[in-house]
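# Overview (structure and organization)
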Amino acid sequence: MHILALTFEYPPAQTGGLGTIVQDIYKNINKNFGNIDRKIYVSLAMPAQGLQNGFKNIEILKKETEFDIRLSNRKQHIEVKLASDSLNPNIPIHLICGAELNEWQCYASLPQKIALFSRAIPMFLDHLFWNHYDVDLIHINDWHCVPAGVMGKLKYAKQQKIPVLYTIHRIGEKECVYDVHFLDWIKFYEYDDISKISYFSGFGWGKFSIEALGCYYADKVNTVSRSYMSDILNFMGKFPQNQQNTANKTTYVFNGIEKFHNFNVGEKKKERKIFLDSNNLNDGIVVSFVGRFDRRQGKPGALLWAVEKFFGKGGDLSRAVNDVIKNVRFVIKYSGGDADLLNYANYLQAKFPANVKILKGWIYLENLYKASDIFVNVPDFEPFGLTTLEAMDSGAIVIGTEVGGIRDMINDFYRKWDFADGMKNDNITGFWTLNDSEALANKILEVCILVKSGEILSGFGKHSEQYKKFMDSIPAEYGKLKEEILKEPFLASIMMHNSMARAKKFSIEETAKGHAKIYKNLTNFSNLKSKI
């Protein structure tokens, strides 16, 4: 079974997490299903994205083919180069090269890049078929590849059925709303009747959604978490003619991580001190965030404003709780994004130099995760939340908003309901909160009190004067937390272990199995059953 996967990102050409998860999924599909009787063979096609001459792990092997395409009155010469990834050598990569496709910024000149890719993929399919390479399924990764995948499917609709799987890693919404003349520009009418646009038109007169187009033409739509599937179906409610059709063919396959570290939570204080020392900070409870600063998604959301409110809380709180506040270290890893938010983060670091550290550039994230007592991820929406899962794998207690994949990962302290499995679950791993700076500051303090109770217990014992005084100092607003700690003094440690156990439910191997099952169902390759 040959899967032709389409993507706009693949390491090192990436701006976020899409490239890495694409690389990991296909590597594990090959690992688990590449050696059975009717193996799954995946090849990848993508715009060159600056890789046309090779770079880092990408090596150019040869020129595969070349052809000319037309966009309206524009003629463009295209070359397809076969490349190999030294980190993933069993997955051939077909780089579609020419003009804007070669630009190294993945989403620069985006309409032109999408249009050129859309015209090139049907021509590249011709090359594959002429050279006796079957394509059994086209797997589209995110909306940028939708026109290319759909036009590839439609070109061969009369000769053979090539099913399309459309994976929505993140809803683009208004980002992927284009003028209907875009369809004329890419000559979509050569493949299907343009009158069907009523199924995916919206967001204003003469506009259409590329995402809705993908949902209409795909044979299966899937996304990366159970809860995010609800967000997709809500979004498709804006296209009532297409809504029920999409609902009937939409599913989810959880993303996952490849390597679990089997971290010893008992080593967290040691790892924490090493990490803080290396960043010129004194020891203290570590609250961390990792990711892009993205206003649309709400990342890091209320966290930056919550930091300032957190250190202003003092007031009528007990001396013990004030000491907790003074000894909290916020470590925020900036992975690109909004410059204004970064300026505010730098202001916080200057205002609280002993308590706030903004990390830029490359770091070994595992060290930060191991040092983190608490991990905060409070976006307005979150398809999956890979950094949250990675932090849980190293025993961090998570504070998150009740959205998307975070909702599926966290078993909340107050709700104890497993949304991923649909059952009651006492194995609590974290806390939900609102994406509101005041609410988040209060929640961070609550979890810091929990972590500190565990540290005092380990250092002095349950019957010590220090432990009793600290428990008596817990503010009345955290009465439920105090009650639970008194019932289970090692609650903080238990939650850290629960986080690690919970993370192991989301492995990239299970992600690969989920995709292989969809491939089998769409192509009727029944002899895959033994592995799925």
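Scroll up a little and you will see the structure.
Residues numbered from 1 in each chain as written. Predicted model: local features only at pLDDT ≥ 70, side-chain atom pairs only at ≥ 80, totals over all residues. Heavy atoms only, no water.

Before going further, it helps to examine the overall build of the protein chain. A count of helical and extended segments in the protein chain gives 19 helices and 19 strands. Over its C-alpha atoms the protein chain spans a radius of gyration of 25 Å, differing by no more than 12% from the 24 Å that the globule rule assigns to 532 residues. Considered along the principal axes of its C-alpha atoms, the protein chain spans approximately 80 × 50 × 45 Å. Across the 532 residues that make up the protein chain, the buried fraction comes to 60%. Long-range contacts, defined as pairs at least 24 residues apart, comprise 74% of the intrachain contacts of the protein chain with a sequence gap of at least 6. Here the protein chain contributes 66 positively and 60 negatively charged side chains, and the mean placements of these two sets differ by 2 Å. (Helix = DSSP H or I, 4+ residues; strand = E, 2+ residues; numbered from the N terminus. Rg over C-alpha atoms; globule rule 2.2 N^0.38 Å. Buried < 20%, exposed > 50% of the residue type's maximum accessible area, 1.4 Å probe, protein only. Contact = heavy atoms within 4.5 Å. Lys, Arg positive; Asp, Glu negative; His and termini not counted. Charge placed at Lys NZ, Arg CZ, Asp CG, Glu CD.)

A few words now on the sheet that holds strand S5 (residues 93–97). Strand-to-strand pairing in sheets goes through backbone hydrogen bonds, with the strands running parallel or antiparallel. Pairing within the open sheet is mixed, and its nine strands lie in the order S3-S4-S5-S2-S1-S6-S7-S10-S11. Two strands lie at the open edges of the sheet, namely strand S3 (58–71) and strand S11 (250–252), each paired on one side alone. Ignoring strand direction, the axes of neighbouring strands in this sheet form an average angle of 25 degrees. For strand S7 (residues 164–168) and strand S10 (residues 220–223), the ladder comprises four bridges, and the chain directions are parallel. Paired with isoleucine 168 across the bridge in S10 is threonine 223. Contacts from helix H1 (residues 18–33) reach strand S1 (2–6), strand S2 (41–47), strand S4 (74–85) and strand S6 (137–141), with the element oriented near 160 degrees to S2. (Pairing = 2+ DSSP bridges. Axes fitted to C-alpha atoms, helices over the stretch in contact; angles between N-to-C directions.)

A word on the sheet that holds strand S16 (residues 397–400). Judged by pairing direction, the sheet is parallel, and its six strands sit side by side in the order S14-S13-S12-S15-S16-S19 without closing on themselves. The open sheet has two edge strands with one neighbour each: strand S14 (356–359) and strand S19 (430–432). Across the sheet, the mean angle from the axis of one strand to that of its neighbour is 20 degrees, orientation sign disregarded. Across two bridges, the pairing between strand S12 (residues 285–293) and strand S15 (residues 374–377) is parallel. Looking at S15, one finds that valine 287 is bridged to isoleucine 374. Relative to S16, helix H15 (residues 437–460) is tilted by about 170 degrees, and along the sheet it contacts S12, strand S13 (328–337), S15, S16 and S19.

Time to look at the environment of alanine 339. Within the secondary structure, alanine 339 is located in helix H11 (residues 339–351). For the pair formed by alanine 339 and phenylalanine 293, sequence separation is 46 residues and the distance between their alpha carbons is 8.2 Å.

For the bond running from proline 11 to proline 12, omega is 10 degrees, close enough to zero to count as cis. Here proline 12 lies in the loop between S1 and H1. Here the residue pair lysine 299 and proline 300 is connected by a cis peptide bond, since its omega of -5 degrees sits within 30 degrees of zero. Within the secondary structure, proline 300 is located in the loop between S12 and helix H9 (303–311). Located in the positive-phi region is glutamine 49, a residue other than glycine, with phi close to 50 degrees. On the secondary structure map, glutamine 49 appears in the loop between S2 and S3. Not every positive phi belongs to a glycine, and asparagine 280 is a case in point at roughly 60 degrees. Positionally, asparagine 280 belongs in the loop between helix H8 (268–278) and S12.

Among the secondary structure elements, threonine 65 is positioned in strand S3. Setting aside its immediate chain neighbours within four residues, threonine 65 contacts Ile78, Glu79, Val80, Phe124 and His127.

This part covers the packing of aromatic side chains. Following the criterion strictly, the structure yields 29 aromatic pairs and no others. Relative to tryptophan 185, the ring of phenylalanine 182 has its centre 5.8 Å away and its plane inclined at 70 degrees; by these criteria the two rings are edge-to-face. Of this pair, phenylalanine 182 and tryptophan 185 both sit in helix H4 (residues 181–185), three residues apart, which is roughly one turn of the helix. In this structure tryptophan 185 comes out as partly exposed when scored by relative accessible area, which is 24%. Each ring, one from tyrosine 414 and one from phenylalanine 431, has its centre 6.3 Å from the other, and the planes form 65 degrees; the classification is edge-to-face. (Phe/Tyr/Trp six-rings, centres within 6.5 Å; stacked < 30°, edge-to-face > 60°.)

Moving on: the layout of surface pockets. Sizing a probe to match a water molecule and rolling it over the atoms shows the empty space that remains. Considered as a void within the structure, the second largest pocket measures approximately 390 Å³ in volume. Considering the residues around the second largest pocket, the lining is formed by 20 residues, among which Tyr252, Val253, Phe254, Glu510 and Gly514 are closest to the centre. Considering each element in turn, the lining of the second largest pocket owes the most residues, seven residues, to helix H19 (residues 508–523). Here the lining of the second largest pocket is built from residues that sort into seven nonpolar, six polar and seven charged. (1 Å grid on protein atoms, 1.4 Å probe; cavity = no way out; pocket = protein on both sides within 12 Å on 5 of 7 lines; lining within 4 Å. Points joined across faces, edges and corners; volume = space filled by probe spheres on them. Nonpolar A, V, L, I, M, F, W, Y, C, P; charged D, E, K, R; others polar.)

This part takes up the pattern of salt bridges. Tallied over the entire structure, the rule returns 32 salt bridges. Put simply, arginine 407 and glutamate 402 hold a salt bridge, and the shortest N to O gap is 3.2 Å. Glutamate 402 sits in the partly exposed class, given a relative accessible area of 32%. Each of the salt bridges in this network shares a partner with another, and the network as a whole consists of Arg272, Asp283, Asp373, Lys452 and Glu455. (Salt bridge = Lys/Arg side-chain N within 4 Å of Asp/Glu carboxyl O.)

In a pair of packed helices, the angle between the axes and the distance between the axes together describe the arrangement. Across the interface, helix H10 (residues 319–326) lies against H15 with an axial gap of 10 Å and an inter-helix angle of 100 degrees. Between H10 and H15, the interaxial angle falls into the category roughly perpendicular. Side by side, H10 and H15 meet where Val321, Val324 and Ile325 of the first sit next to Leu445, Cys448, Ile449 and Lys452 of the second. Grouping the constituent residues of the contact of H10 with H15 by class yields six nonpolar, no polar and one charged. (Parallel < 35°, antiparallel > 145°, perpendicular 65-115°, else oblique.)

To continue, consider the side chain of serine 507. Position of serine 507 among the secondary structure elements: in the loop between helix H18 (491–503) and H19. Judged by relative accessible area, serine 507 falls into the buried class, the value being 13%. Setting aside residues up to four positions removed in sequence, serine 507 forms contacts with Gly256, Ile257 and Phe260.

Take H15 next. The terminal C-alpha atoms of H15 lie 34 Å apart, and with 24 residues this matches the ideal 34 Å at 1.5 Å per residue to within 8%. Counted residue by residue, H15 has 17 buried out of 24 residues, so it is predominantly covered. Two or three places before glutamate 438, at the opening of H15, aspartate 436 has a side-chain oxygen 3.2 Å from that residue's backbone nitrogen. Phi for glycine 461, located one or two positions after H15, is positive at around 100 degrees. (Expected span 1.5 Å × (residues − 1). Polar contact = N/O pair within 3.5 Å; in protein donor to acceptor, adjacent residues only side chain to side chain.)

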